[in-house]
Amino acid sequence: MEPPKNYLIDMDGVLVRGKQAIPGAQDFINRLKERSAKFLVVTNNPLYTQADLAYRLQAIGLNIPSANIFTSAMATALFLNAQRPRGTAFVIGESGLTSALHEIGYIITDHNPEYVVLGETYSYNFEQIAKAVRLVNAGSRFIATNPDPAGPTESGIVPACGAMAALIEKTTGRVPFFVGKPAPLMMRYAMNYLEVHSQNTIMVGDRMDTDIIAGMQAGMDTILVLTGLTAREDLNAYPFRPTLVLDTVADIDPGSGQKLAACL
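Treat the numbers as computed from the prediction; the structure is a model and nothing was measured.

### Here we look at the environment of Arg 188
Within the secondary structure layout, Arg 188 lies in helix α7 (residues 184-194). In the structure, Arg 188 is positioned 27 residues away from Gly 215 in sequence and 9.3 Å away in space, judged by C-alpha atoms. Leaving out residues up to four positions away in the same chain, Arg 188 has contacts with Ser 198 and Ala 218. A distance of 3.0 Å separates the side chain of Arg 188 from the backbone oxygen of Ala 218, its partner in a polar contact.

The structure is reproduced here in structure tokens:
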């Protein structure tokens, strides 16, 4: 039997839709565990810690250990630690981001911080954004966890990190460095975290413009599932292709030697 591939798996639109697990998602995770395949749920969501997300997934019937979750907040912390270990940052974000930064020894402060780090929060306010603008203008380096312009809530779409980053960029003229998808850097950090190589790893996602292009640019095979934002008829709008297109993660069988033939 061939050694199993390793999997990086997007969360929203792949394993969950809103507050519901996608049918067959837990069966797919079970098959990965049975085959002893290494896998990570890789999400641009920087709001929650690994434990928070594992608990939220468990509440809807998905048993995914916290160690198998990797967020843009974690990738941002790894990036900062590689750039300037034990540095200082002014942070706009929730516990998922602040905890990740504290864990690498960063000091969170508004007193001459080396970085302004923008994530997502439930309570963006004008004073926070104005302070970030002043600090960036004063020379703090501008980092953002992810470029997503909007995110879904129970009440509808709300501005997300990318939209708030655009506001700060427009005001300061300073372009942020985005760590999360579609940046291949996040894929590299995720593979390093999992201790796997791109040649043996598959990215599974529902979005061509984030998941699939990020996986492709990081050197991985990619699987697009049609349970999220991309429909099959949308594929012709892109100059690149996923390796394989499937209706759902329920169709992925890591133990069958499923061929990743080019999708033409």
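### Digging into the nonpolar core
Here is a general trend for soluble globular proteins: nonpolar side chains tend to be buried in one another's company. Within the largest apolar cluster, 32 residues are counted, with the highest numbers of intra-cluster contacts made by Leu 8, Val 42, Phe 70, Leu 80, Leu 101, Val 117 and Met 187. At the level of secondary structure, the elements contributing two or more residues to this core comprise β4 (39-43), α3 (72-83), β6 (88-92), α4 (95-103), β8 (115-118) and α7. With near-sequence residues (within four places) excluded, Val 117 lies in contact with Thr 76, Leu 80, Ala 89, Phe 90, Val 91, Ile 92, Leu 97 and Ile 143. Among the nonpolar cores identified, the runner-up in size contains 29 residues, and Val 16, Ile 29, Val 41 and Leu 47 belong to it.

### A word on the pattern of salt bridges
Summed over all chains, the structure comprises seven salt bridges. Its salt-bridge partner being Asp 110, residue Lys 131 comes within 3.0 Å of it at the nearest N-O pair. Here Lys 131 is found in helix α5 (residues 126-137), whereas its partner Asp 110 is found in the loop between β7 (107-108) and β8, with 21 residues between them in sequence. Using a relative accessible area of 40% as the deciding quantity, one classes Asp 110 as partly exposed. The residue Arg 207 makes a salt bridge to Asp 209 at a minimum N-O spacing of 2.9 Å. Several salt bridges converge on common partners, so that one network encompasses Asp 10, Lys 181 and Asp 211.

### Notes on unusual backbone geometry
Backbone torsion omega between Lys 181 and Pro 182 reads 15°, so that peptide bond is classified as cis. As for its position among the elements, Pro 182 is in the loop between β12 (177-178) and α7. Phi is positive for Arg 86, which is not a glycine, with a value near 55°. On the secondary structure map, Arg 86 appears in the loop between α3 and β6. The backbone phi angle of Asn 112 is positive, close to 50°, even though this residue is not glycine. Owing to a relative accessible area of 63%, Asn 112 belongs among the exposed residues under this scheme.

Conventions used here
Residues numbered from 1 in each chain as written. Predicted model: local features only at pLDDT ≥ 70, side-chain atom pairs only at ≥ 80, totals over all residues. Heavy atoms only, no water. Helix = DSSP H or I, 4+ residues; strand = E, 2+ residues; numbered from the N terminus. Contact = heavy atoms within 4.5 Å. Polar contact = N/O pair within 3.5 Å; in protein donor to acceptor, adjacent residues only side chain to side chain. Core = buried A, V, L, I, M, F, W, Y, C linked by side-chain atoms within 4.5 Å. Buried < 20%, exposed > 50% of the residue type's maximum accessible area, 1.4 Å probe, protein only. Salt bridge = Lys/Arg side-chain N within 4 Å of Asp/Glu carboxyl O.

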